[in-house]
Amino acid sequence: MSTPLFSVDDLRVSFRTLDGVVHAVDGISYAVEAGKTLGIVGESGSGKTVSSLTALGLTRSDNTTIKGSITFDGQDMVTLADDKLRAVRGNDMAMIFQDPLSALHPFYRVGWQLVEAMRAHQSISKSAARTRAAELLDLVGIPDPKRRIDQYPHEFSGGMRQRAMIAMALSNEPKLLIADEPTTALDVTVQAQILALLQDLQERLGTAIIIITHDLGVVAQIADDICVMYAGRIVERGSTEDIFHAPQHPYTWGLLRSIPRLDNPRDEELMPISGRPPSLINRPSGCHFHPRCPYVRDAHKRVDPKLAAVDGSAEHVVACLLESSVRSRIWDGIQSGRDADSLQRMAASSPEPAVPPELANAPESEGTDIEPSEEGVTESERHGQHGPMGPVDEVDHRLTRNERSGDVITGPEDT
Amino acid sequence: MATYIVRRILWGIVLTILVSALTFLFFNILPSADPAVLRAGRNSSPATIEHIRVELGLNKPVYTQFFTYMKNIILHWNFGYSFYSGASVTSLIKDRLPATLSLTLGAAVLWLLIGVPIGIISAIKRGSAVDRGAMAGALAGVSFPDFWLGLLVLFLFANDIGRFKIFPGAGSYVGLTVSPVHWFTSLLLPWFVLASTSAAVYSRVLRGSLIESMGEDYIRTARAKGLTERRVIWRHGVRSAVTPVLTILGLDIGALLGGAVIAETVFDIPGIGRLNYQAIVSSDFPIVQGTVILAALFIVIANIVVDIMYAYLDPRVRYS
């Protein structure tokens, strides 16, 4: 197997804040191969954005502690010097963000911003860069690009703005493109177009993509592999096939079952995941998911599961204390429409797992829920968009939050 | 855009006429010394006073006086004559305007030179000793009253009465054309006094504005593009942060051009502010009216200029 283009190895990122230490990312490992797409899925506050921001060096500050390694194209991004890091950012590794209206500077023309991105990394004349900017806008499907490069971001529609951001990210032909919730702020129809665009660009340019989202529907469409994150950890990881056909973690089941489906009976109830994401300052003891897990046992409140391979697959791993046979039965039950109560009874009927002696007296705690707080509220949130706040709010607000759950309806958009 | 400007100008003219009407009204309704009496001098006979009243047109009804007044301005550019000295108001204002312009514009340059860098550095090094020291200094600057600070610097540094005889003291103002060097040195202390309050205000405003801009999403995008931090701060952060500051600047200068009375009095500078004050005290109504119209005009113009500037700086505003 060839060396992956981008790999994260036991990354731990914590932020020291006034309220305590936020364990944003607590030992995660994943890899992306050249030309492939990885989806990172999780709720607000799962830490899904932090590893990518850390790869670009955007979380570095006096209050941040970063351990572990992030290897990109042979270099360790965690220890890389600032100037070398800047040479990679926007160049070989590029990132696009959630709300393209606030992510583009409102005072500068779109073409100017693309030219700036190019001239930061290439020695190219302004006029050549302008020509290239028009070509890039054309590449991402923006009509009449020569006129559009002299327009301001507010003159573009939402979908077009996101296309322009993608064009800007691609302007230096990156090997890896990280897309952080690229479609969350957009209409559903536009969403599909943006995803198709990303796939098309990957085929044409061979760019590897990491797509970060809370929406499993999005990753189903374009990801080759998926990491499911919860409370700063990866709880399940595998190929898209594995995750959708044989999911192993109760959280993954919850995500899959909470998607409304057109082919299910109309009156069939959705199975939401009860409760709220935990605060990353004060996490639940044992398995971090235990307060919300319908199949929790006593032992789960004390023992912290590690990622382990699922039978029959080297690539598919899950961190769950339930026995794999129990899990299969529960998943089959969920799929065939058995109601929640009978599934819980079935799970509870299996033998009680043992607690290792050293943890016998470990304290149990449910942790605390995230407090919605004003810290780190981004401009788009200040203007009234909705969604529960993530614990990254408790961080120094220079690290702007961009995690959200739930789609934001911004109004009728055309491409 | 053009229709917008034209509309603003027309509205500005209406406003100015309204202001002068109001001033006229106040002067005639509110108790004040009878200008005829003042002009007549001591121990004058009622006949003299009455004669002066007729001469000055004060015996006519208020609205007639106002109408005559406006007619003179619009048709003849004649703002009337001082009740006291008989000099034409326009000539008096023309005499005094350069001093006020020198004082205001020089102070503005100084407070920008001090306030802007301090504001930016405080924002960048937020929370550091530099920031805290600067904001404490700003608080002091804002708290010192103009007249107190003016007298203080005179007592400390004026070369006639001060302890350390460095700068020219009160009353040393000369016009730019008379002697540039003396003009400049005589204005140093007054500039400092006027600028200290404003520099403090501007540094605080810019600091807040820059901290807010640096928290915006487009800053994260700029960093993700791999731009140097310097470029991110200046081209992306400061560029957004100055917009509110520039609009305040326009309004401040507009207001100051109407005359900085206190500074002009403390430093004995022959400007519009002092002219206005002396005219009020001596009920010299035409001068008061003239300076009030001038001040209103400056503010109206400043508002229009600021609006245009804002549209130039922030493209989102242009289409509303």
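Keep in mind that this is a model prediction, so the values were computed, not measured. (Residues numbered from 1 in each chain as written. Chains lettered and ligands numbered in written order. Predicted model: local features only at pLDDT ≥ 70, side-chain atom pairs only at ≥ 80, totals over all residues.)

Draft legend 1. Geometry of the overall build of chain A. Check the secondary structure of chain A and you find 14 helices and twelve strands. Classification of the 415 residues of chain A by burial places 48% in the buried group. At a minimum sequence separation of 6, the contacts of chain A that also span at least 24 residues come to 65%. (Helix = DSSP H or I, 4+ residues; strand = E, 2+ residues; numbered from the N terminus. Buried ≥ 20, exposed ≤ 12 C-beta atoms within 10 Å, placed from the backbone. Contact = placed C-beta atoms within 7 Å.)

Draft legend 2. Focus on the interface of chain B and chain A. Taken together, the contact pairs 19 residues of chain B with 26 residues of chain A. Residue assignment for the side of chain B that touches chain A shows that the elements contributing at least two residues are helix H9 (217-224) and helix H10 (229-256) of chain B. The residue makeup of the side of chain B that touches chain A, split by class, is five nonpolar, six polar and eight charged. (Nonpolar A, V, L, I, M, F, W, Y, C, P; charged D, E, K, R; others polar.)

Draft legend 3. The sheet that holds strand S9 (residues 225-230) of chain A, seen in detail. Residue and element names in this part refer to chain A. The strand order S6-S7-S8-S3-S9-S10-S12-S11 describes an open sheet built from eight strands, whose pairing is mixed. Every interior strand has two partners, whereas the edge strands, strand S6 (93-96) and strand S11 (308-309), have only one. Strand direction decides the pairing type here: strand S3 (residues 37-41) and strand S8 (residues 208-213), joined by five bridges, are parallel. The residue bridging Ile-40 from the neighbouring strand is Ile-212, located in S8. (Pairing = 2+ DSSP bridges.)

Draft legend 4. Broad picture of unusual backbone geometry. We note that Glu181(A) has phi near 45°; this positive angle belongs to a residue other than glycine. Along the polypeptide, Glu181(A) turns up in the loop between strand S7 (176-180) and helix H8 (188-205). Exposure remark for Glu181(A): the 23 C-beta atoms within 10 Å place this residue in the buried category. Phi angles above zero are rare outside glycine, and Trp77(B) is one such case at about 55°. Within the secondary structure, Trp77(B) sits in the loop between helix H4 (62-76) and helix H5 (89-124). The exposure class of Trp77(B) is exposed, given the 8 C-beta atoms found within 10 Å.

Draft legend 5. View of helix H4 (residues 110-119) of chain A. Residue and element names in this part refer to chain A. Among the ten residues in H4, eight count as buried, and that is most of the element. Those residues of H4 that sit buried are Val-110, Gly-111, Gln-113, Leu-114, Val-115, Glu-116, Ala-117 and Met-118. Residues of H4 that are buried make contact with helix H5 (126-139), helix H6 (145-148) and helix H7 (158-170).

Draft legend 6. Region of the structure containing the environment of Glu229(B). Residues and elements named next belong to chain B. Within the secondary structure, Glu-229 sits in helix H10. Residue Glu-229 is classed as partly exposed on the basis of its C-beta count, with 13 C-beta atoms lying within 10 Å. Sequence-wise, Glu-229 and Ile-219 are ten residues apart; in three dimensions their C-alpha atoms are separated by 9.9 Å.

Draft legend 7. Representation of the domain arrangement of chain B within the structure. Residue and element names in this part refer to chain B. Entries for chain B in the domain assignment read domain 1 (2-76) and domain 2 (93-319). One C-alpha centre belongs to domain 1, the other to domain 2; they are set 33 Å apart. Taken together, the contacts link 15 residues of domain 1 with 14 residues of domain 2. Listing elements by their share of the side of domain 1 that touches domain 2, those giving two or more residues are helix H1 (2-29) and helix H2 (35-40). Element by element, the count of residues in the side of domain 1 that touches domain 2 is highest for H1, at eleven residues. (Domains from an automatic or database assignment.)

Draft legend 8. The pairing of S3(A), seen in detail. All names here are of chain A. Of all the five residues making up S3, five are buried; the element is thus mostly covered by neighbouring parts of the structure. Of the two faces of S3, the one carrying Thr-37, Gly-39 and Val-41 and the one carrying Leu-38 and Ile-40 are both buried. For S3 and S9, the ladder comprises four bridges, and the chain directions are parallel. From the neighbouring strand, Leu-38 faces S9, where its bridge partner is Asp-225.

Draft legend 9. Fine view of the domain arrangement of chain A. All names here are of chain A. Here chain A is partitioned into domain 1 (6-230) and domain 2 (233-276 + 284-359). Between domain 1 and domain 2, the C-alpha centre-to-centre distance is 31 Å. Taken residue by residue, the interface counts 17 residues in domain 1 and 18 residues in domain 2. Elements with a contribution of two residues or more to the side of domain 1 that touches domain 2: strand S2 (20-32), helix H9 (216-222) and S9. Take the side of domain 1 that touches domain 2: its biggest share by element is six residues, from S9.

Draft legend 10. Here's a closer look at the packing of H5(B) against helix H6 (residues 129-143) of chain B. Residues and elements named next belong to chain B. The N-to-C vectors of H5 and H6 enclose an angle of 140°; their axes lie 8 Å apart at closest approach. With respect to H6, the element H5 is oriented oblique. Taken as a pair, H5 and H6 cross one another with a handedness that is left-handed. Listed contacts from H6 to Ile-118, Ile-121 and Ser-122 of H5 are Val-130, Asp-131, Ala-134 and Met-135. Among the residues making up the contact of H5 with H6, the classes are represented as five nonpolar, one polar and one charged. (Axes fitted to C-alpha atoms, helices over the stretch in contact; angles between N-to-C directions. Parallel < 35°, antiparallel > 145°, perpendicular 65-115°, else oblique. Left-handed = near helix turned anticlockwise from the far one by under 90°.)

Draft legend 11. Quick look at the environment of Ala192(A). Looking at where Ala192(A) falls in the secondary structure, it is placed in helix H8. Sequence spacing of Ala192(A) and Gly45(A) is 147 residues, and the spatial spacing of their C-alpha atoms is 25 Å.

Draft legend 12. Inspection of the sheet that holds strand S1 (residues 6-17) of chain A at higher detail. Residues and elements named next belong to chain A. Taken together, four strands build an open sheet; the order of strands is S2-S1-S4-S5 and the sheet is antiparallel. Two strands close off the open sheet at either side, each with one partner strand: S2 and strand S5 (75-76). The sheet contact formed by S1 and S2 spans ten bridges and is antiparallel. What sits directly across from Ser-14, in S2, is His-23.

Draft legend 13. Layout of H4(B). With 15 residues, H4(B) extends 21 Å between its outermost C-alpha atoms, agreeing within 8% with the 21 Å of an ideal straight helix rising 1.5 Å per residue. With its phi angle positive at about 55°, Trp77(B) sits one or two positions after the end of H4(B). (Expected span 1.5 Å × (residues − 1).)

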